[in-house]
Amino acid sequence: QVQLVETGGGLVQPGESLRLSCVVSGNIPFKVNYMGWYRQAPGKQRDLVAGVTNDGTIDYADTVKGRFTISRDNAKNTVYLQMNSLNVEDTAVYYCHVKAGVYITAHYWGQGTQVTVSE
């Protein structure tokens, strides 16, 4: 059974930082080629925050460029999201996502971790 466990969420004030971690465990039948973070605010759709491929290609949502940094440690099967200069609009549940395979793909999601930015 594949598990993605996110940690690091919490309540912070605007301008502060948080670091999210996602540890992937279990037997994934295909090679993992993408790891990323999504977020979903109340009443809104789940959107990509940042993602990184095996060759190091990174994508960021425009709203987080320059503030968030994604990284991965393949040896630890872990992906991180360093979030700096947080603002109220960053409040959401953050989900870890893993994509495996090429012609046949499998997608895995974590349970989510709440990030709340408030005065």
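Our next topic: the overall build of the protein chain. Each helix and strand counted, the protein chain has zero helices and eleven strands in total. For the protein chain, the succession of helices and strands along the chain, N to C, is β-β-β-β-β-β-β-β-β-β-β. A compact globule built from 119 residues should have a C-alpha radius of gyration of about 14 Å, and the protein chain, at 14 Å, falls within 12% of that. Overall, the C-alpha framework of the protein chain stretches about 45 × 25 × 25 Å when taken along its three principal axes. Taking all 119 residues of the protein chain together, 39% fall into the buried category. Counting every atom, the protein chain has about 6600 Å² of accessible surface; 49% of that belongs to carbon and sulfur. In the protein chain, the 10 positive side-chain charges and the 10 negative ones have mean positions that sit 7 Å from each other.

On to the side chain of Asn 33, then. Inspection of the secondary structure assignment puts Asn 33 in strand β4 (residues 32-40). Overall, Asn 33 belongs to the buried group, its relative accessible area being 19%. Excluding residues that lie within four positions of it along the chain, Asn 33 makes contacts with Val 52, Thr 53, Asn 54, Arg 72, Lys 99, Ala 100, Gly 101 and Val 102.

Conventions adopted
- Residues numbered from 1 in each chain as written.
- Predicted model: local features only at pLDDT ≥ 70, side-chain atom pairs only at ≥ 80, totals over all residues.
- Heavy atoms only, no water.
- Helix = DSSP H or I, 4+ residues; strand = E, 2+ residues; numbered from the N terminus.
- Rg over C-alpha atoms; globule rule 2.2 N^0.38 Å.
- Buried < 20%, exposed > 50% of the residue type's maximum accessible area, 1.4 Å probe, protein only.
- Areas by Shrake-Rupley, 256 points an atom, 1.4 Å probe, with all protein chains shown as cover.
- Lys, Arg positive; Asp, Glu negative; His and termini not counted.
- Charge placed at Lys NZ, Arg CZ, Asp CG, Glu CD.
- Contact = heavy atoms within 4.5 Å.

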